[in-house]
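This is what each chain is made of:
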Amino acid sequence: MCIRDRYSNDLEENLIRRQPDFSNALAKTEIRASLRAKMIDWVIEVFGNYPDTTSHNTFFVAVHVLDLYFKNYKGRRLKDGDVHLVGIAAMLIATKYEDIMQISLRDFVDKVGHKKFTAEQIKEKEWEILGALNYNVAFPTAFQLFEKIMYKNFQQDNTDGYSEIKSSAIYLLKMLYLDVKFLNIQPYVIATSVLCYTIKTYFFGIIEQLSQNNRQRQVIAEQENIPVSYTHLTLPTIYSVQISVVAVSLKKK
């Protein structure tokens with residue numbers, strides 16, 4: 001094993017050990033799962049308005065902070081009415097932690113919150129959330145785990161197929177976190193499963209397209225009484241995919 005592979009494996013194992021536990025995040029609250037889903041969808045919309053300064057990981061930090069707060073908060077039972085302010089504060093924490101050019105507090109007051117909450121209310125909730133998390137937001141996100149798996153298996157691939165697989169997988173990964181039941185599954189398992197599903201779907205799409213092209217060629221050949229050649233059916237070698245789905249056999253540490 002080369003030095004790069006050894007350190008890569010050590011890093012991956014460290015990320016897996018440190019991944020947060022989001023299971024039963026809403027169990028101690030009175031927050032509806034449907035309202036949480038709306039909040040996650042809104043987080044996507046908010047960060048979508050700042051595409052030049054925020055990253056995919058900013059979204060996942062915000063969502064993970066939100067769920068860890070719901071899970072770990074030891075005060076009164078949180079209700080639906082608390083979600084809006086908590087969501088804004090979680091996004092503020094995420095952009096402060098992740099982005100070089102963070103979204104300003106003034107933007108969260110005026111543009112994001114539409115002046116429903118004051119700057120002091122947002123900062124107070126930010127302080128409360130950080131206290132519930134023991135001031136630790138340096139945990140691996142589902143997106144970071146996904147990127148680690150992508151790099152391990154594809155290295156620095158700049159082909160169109162790679163970009164399509166990656167963008168589709170990221171979209172699916174975000175959509176899964178709208179559903180509260182996926183919080184009971186380890187982020188590494190979700191990231192690995194999403195990548196495998198996306199690769200499978202991508203290649204099935206290629207095969208279907210080739211099959212469709214073949215049917216069209218057969219029809220043309222029959223109409224023009226031309227011998228049919230099947231040499232074009234050979235699938236191009238686009239990737240040598242070596243995905244080791246070890247996540248499903250991992251025991252929770």
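Let me begin by describing the structure that accompanies this report.

What counts, and where the lines are drawn
- Within each chain, residues carry numbers counting from 1 in the order of the written sequence.
- For this predicted model, a pLDDT threshold of at least 70 governs which residues receive local features, and a threshold of 80 or more governs which side-chain atom pairs are given and counted, while totals over whole chains, interfaces and linings are taken from all residues.
- Excluded from the side-chain calculations are hydrogens and water; all other atoms, namely the structure's heavy atoms, are used.
- Any two of the Phe, Tyr and Trp rings considered here, Trp counted by its six-membered ring, make a pair once their centres fall within 6.5 Å; the pair's planes then place it as stacked at under 30 degrees, edge-to-face at over 60, or tilted in between.
- In this scheme, a residue with accessible area under 20% of its type's maximum is buried, one over 50% is exposed, and one in between is partly exposed, where area comes from a 1.4 Å probe on protein chains only.
- Sitting over a ring, as applied to charges here, requires NZ of Lys or CZ of Arg to be within 6 Å of the ring centre and within 35 degrees of the ring normal.
- Note on definitions: angles span 0 to 180 degrees between N-to-C directions of axes, and those axes are lines fitted to C-alpha atoms, for helices only across the stretch in contact.
- What counts as a helix is a DSSP run of H or I of at least four residues, what counts as a strand is a run of E of at least two, and both are numbered from the N terminus.
- Orientation is classified from the angle alone, with under 35 degrees giving roughly parallel, over 145 giving roughly antiparallel, 65 to 115 giving roughly perpendicular, and any other angle giving oblique.
- The sense of a crossing depends on the near helix, which, turned anticlockwise from the far helix by less than a right angle, makes the crossing left-handed and, turned clockwise, makes it right-handed.
- Residue contacts follow a heavy-atom distance rule, with two residues in contact if any of their heavy atoms lie within 4.5 Å.
- A helix is expected to reach a length of 1.5 Å times the quantity of its residues less one.
- Counted as a polar contact is a pair of N or O atoms within 3.5 Å, where, for protein atoms, one must be capable of donating a hydrogen and the other of accepting one, and residues adjacent in sequence contribute only when both atoms are in side chains.

1. Quick word on the packing of aromatic side chains
Part 1 of the argument: Applying the stated rule across the entire model yields seven aromatic pairs.
Part 2 of the argument: On the numbers, 4.9 Å between centres and 80° between planes, the contact of Phe 59 with Phe 60 is edge-to-face. Across this residue pair, the class does not change: Phe 59 and Phe 60 are buried.
Part 3 of the argument: Three or more aromatic residues link up through ring pairs in this structure, and these residues are Phe 59, Phe 60, Phe 143, Phe 146 and Tyr 177.
Part 4 of the argument: When the ring centre of Phe 59 is taken as origin, the NZ or CZ atom of Lys 174, which lies over that ring, is 5.4 Å away.

2. Description of the packing of helix α2 (residues 33-48) against helix α3 (residues 56-72)
Part 1 of the argument: Two elements in contact, α2 and α3, have axes whose closest approach is 10 Å; the angle formed by their N-to-C orientations is 150°. Between α2 and α3, the angle is such that the two are roughly antiparallel. Crossing angle aside, the handedness with which α2 passes α3 is right-handed. Seen from α2, the contacting residues are Arg 36, Met 39, Ile 40, Val 43, Ile 44 and Phe 47; seen from α3, they are Thr 58, Phe 59, Ala 62, Val 63, Leu 66 and Asp 67.

3. Side note on α2
Part 1 of the argument: Along its 16 residues, α2 runs 23 Å from first to last C-alpha, staying within 8% of the 22 Å computed at 1.5 Å per residue.
Part 2 of the argument: Those residues of α2 not exposed but buried are Leu 35, Arg 36, Ala 37, Met 39, Ile 40, Trp 42, Val 43, Val 46 and Phe 47.
Part 3 of the argument: Taken together, the buried residues of α2 touch α3, α4 (83-98) and α5 (105-112).

4. Some details on the side chain of Thr 198
Part 1 of the argument: Mapping Thr 198 onto the fold places it in helix α9 (residues 187-224).
Part 2 of the argument: Accessibility expressed as a relative area gives 8% for Thr 198, which makes it buried.
Part 3 of the argument: Among the polar contacts made by the side chain of Thr 198, one reaches the main-chain carbonyl oxygen of Val 194 at a distance of 2.7 Å.
Part 4 of the argument: If we skip the residues at most four places from it in the chain, Thr 198 touches Ile 165, Ser 168, Ala 169 and Leu 172.

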